[in-house]
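Secondary and tertiary structure notes
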Amino acid sequence: MTQLTSLNEDVLDAIISRLRFRDALSLSETCRNLHPISVGNAISDVYLTHPGQLERFCIYMLADAQNRLLRLRRLEIVAQALGIIPSGEETWESPMIPIEKLADALEGASNLEKLDIECVQPLLEAMPRLPSILLRLRGMKELALRHVPFAAAKDLLPTRSTHLRMLILTEASFTSASPTILKHLASFPQLTRLECSTLYVSDFEHPVTLPSITHLVIGQWGHDIPLASIANTFPGVRRLHVKSIIWDLSMIDDVRWHAGESIATGCWNHLDELCGTAEALGGYITCPVRMFRRLASRAEFLYELEEGTAAIRRTAPVCISLYTFTDSPWHVWKRLGENTPRLRFLDIHVSDAGIGTSMDTWMENVPPALQSLRIVCMRLQITDICHAMPAGLSSSDMLDLEQDVINTLPNLLARYIASLQYLGIGIGDKRYDMYTRSWSFVGKTSWWRVSRDGQEDNVRMEPISADIGERVIAYIDSAEFEATMQFDDARFRSK
């Protein structure tokens with residue numbers, strides 16, 4: 001701590017500015033010398049989760065508005081912080097907080113760079129000056145307006161801003177009568193990421209080209225929108241996430257199973273990353289993909305095998321990340337090997353989803369089914385393993401069972417997958433990150449380098465650091481590797 005506090009104040013400010021507000025507050029309580037800088041940075045990045053917290057924030061910031069509000073850079077407000085409770089699928093109660101104080105705070109935060117408001121519709125009704133406040137935020141770089149009426153969305157965009165690079169718009173209600181918003185985005189030349197809840201045919205009646213957008217997230221995509229319309233509107237997309245396809249049930253027999261032939265034309269030439277469910281992706285995207293992230297419910301993974309296989313076969317990914325379950329049938333994994341000629345990295349997140357299926361069964365069936373893969377690297381992260389264990393086990397018994405998996409599974413995988421050179425296996429839990437709004441693995445992942453002494457069955461496992469494993473993954477998931485598909489193991493060996 002002494003070495004830290006001896007640094008120049010400008011350097012300290014730059015270091016602490018990278019901390020989340022809670023970490024900055026904790027640091028302010030640890031060291032008296034760091035208190036002023038830490039408090040200043042704590043109020044630059046604020047995440048509000050309940051009404052009392054929001055009200056105290058407004059009172060504190062407005063008490064010295066000229067100094068404190070100008071420090072505010074990032075502000076996220078969830079529905080509960082506004083005192084709003086959903087009373088139905090698409091209905092929200094009115095805010096139950098001092099609206100004028102919040103309006104004053106937003107108006108004075110002229111240096112705000114990121115604003116994320118979870119439910120804009122009721123807030124807009126209670127705060128008429130919200131549109132004029134947002135229009136004046138010229139330094140805005142990231143804006144997320146969730147549950148906003150699309151009829152009003154265009155009036156909330158800071159059109160004078162030349163800095164906006166990320167925009168998230170989710171509708172208050174899903175209706176094909178919602179006016180298009182795409183034509184209003186042409187005034188943001190720096191916009192690189194767009195997330196919208198729904199795309200309809202009406203969005204493409206007046207074509208517009210948005211070449212700066214490289215990361216596109218579509219919540220729902222109408223089945224009657226040709227892929228070419230989306231690719232022509234967003235020609236620069238490199239990362240695509242499609243959450244679901246809106247199907248017309250009266251046409252499902254005619255369209256769904258022939259989607260690849262009737263709609264999948266005019267695709268991009270290449271995507272760095274493709275993410276979505278098998279239903280959303282199967283048969284639609286036909287260009288080469290570097291990283292394929294497949295999200296699935298247990299029912300989808302078991303039922304929609306054909307669509308998932310089609311999505312993988314048509315995109316020929318170099319890397320695949322799958323969320324799957326312990327009861328997935330072996331032929332799912334066998335087809336994976338048969339349809340992935342370019343695959344070099346396989347990332348599996350496996351859970352028993354509370355169904356109590358033993359990992360022993362998974363270990364018995366899955367490794368042999370993967371023997372046709374040509375992967376260089378594999379990472380397996382296992383969560384919820386406790387559900388698959390007999391009731392009444394002590395914590396020490398649980399640790400023994402987990403250790404059995406760690407001792408057995410690496411050799412099984414290395415023996416069956418002849419091309420495997422790097423392997424990581426972790427057993428832990430998953431945690432939801434409220435900042436990124438995503439789940440992440442929590443636990444230690446052990447890594448090995450796999451070598452063979454001339455004979456296929458003579459496998460040697462050399463423990464390595466997790467840092468080497470992560471660097472191998474980053475290299476395989478890079479344009480440099482994809483260009484040649486030549487893996488140089490020497491660059492990752494310790495000198």
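Relevant structure appears above.
First, a word on what this report is: a plain description of the structure on this page. (Residues numbered from 1 in each chain as written. Predicted model: local features only at pLDDT ≥ 70, side-chain atom pairs only at ≥ 80, totals over all residues. Heavy atoms only, no water.)

1. Comments concerning the overall build of the chain
- Counting its secondary structure elements, the chain contains 21 helices and 17 strands.
- Looking at the chain residue by residue over its 495 residues, the buried ones come to 51%.
- Taking all contacts inside the chain whose residues are at least 6 apart in sequence as the whole, residues at least 24 apart take part in 67%.
- Split by element, the accessible area of the chain, about 23,000 Å² in all, is 50% carbon and sulfur. (Helix = DSSP H or I, 4+ residues; strand = E, 2+ residues; numbered from the N terminus. Buried < 20%, exposed > 50% of the residue type's maximum accessible area, 1.4 Å probe, protein only. Contact = heavy atoms within 4.5 Å. Areas by Shrake-Rupley, 256 points an atom, 1.4 Å probe, with all protein chains shown as cover.)

2. Details of the nonpolar core
- Counting residues in each nonpolar core, the largest one holds 114 residues, and the members touching the most others are Leu75, Ile230, Leu240, Trp268, Ile285, Met378 and Leu409.
- If one sorts the elements of this core by residue count, helix α19 (residues 395–416) sits on top with 6 residues.
- Residues within four places of Leu240 in sequence aside, it is in contact with Leu216, Ile218, Trp268, Leu271, Glu273, Leu274, Cys275 and Ile285.
- Formed by 17 residues, the second largest nonpolar core is a distinct cluster that contains Met291, Val376, Cys377 and Ile464. (Core = buried A, V, L, I, M, F, W, Y, C linked by side-chain atoms within 4.5 Å.)

3. Comments concerning the pairing of strand β1 (residues 45–48)
- In β1, alternate side chains face the same way, and those of Asp45 and Tyr47 on one face and Val46 and Leu48 on the other are all buried.
- Here 4 bridges tie β1 to strand β2 (residues 74–77), and the two strands are oriented parallel to one another. Within the sheet, the bridge partner assigned to Tyr47 lies in β2 and is Glu76. (Pairing = 2+ DSSP bridges.)

4. Observations regarding the side chain of Asp116
- Residue position: Asp116 is located in strand β3 (residues 114–117).
- In this structure the side chain of Asp116 is engaged in a polar contact, spanning 2.8 Å, whose partner is the side chain of Arg146.
- Contact partners of Asp116, with chain neighbours within four places excluded, come to Leu75, Glu76, Ile77, Ala144, Arg146 and Arg437. (Polar contact = N/O pair within 3.5 Å; in protein donor to acceptor, adjacent residues only side chain to side chain.)

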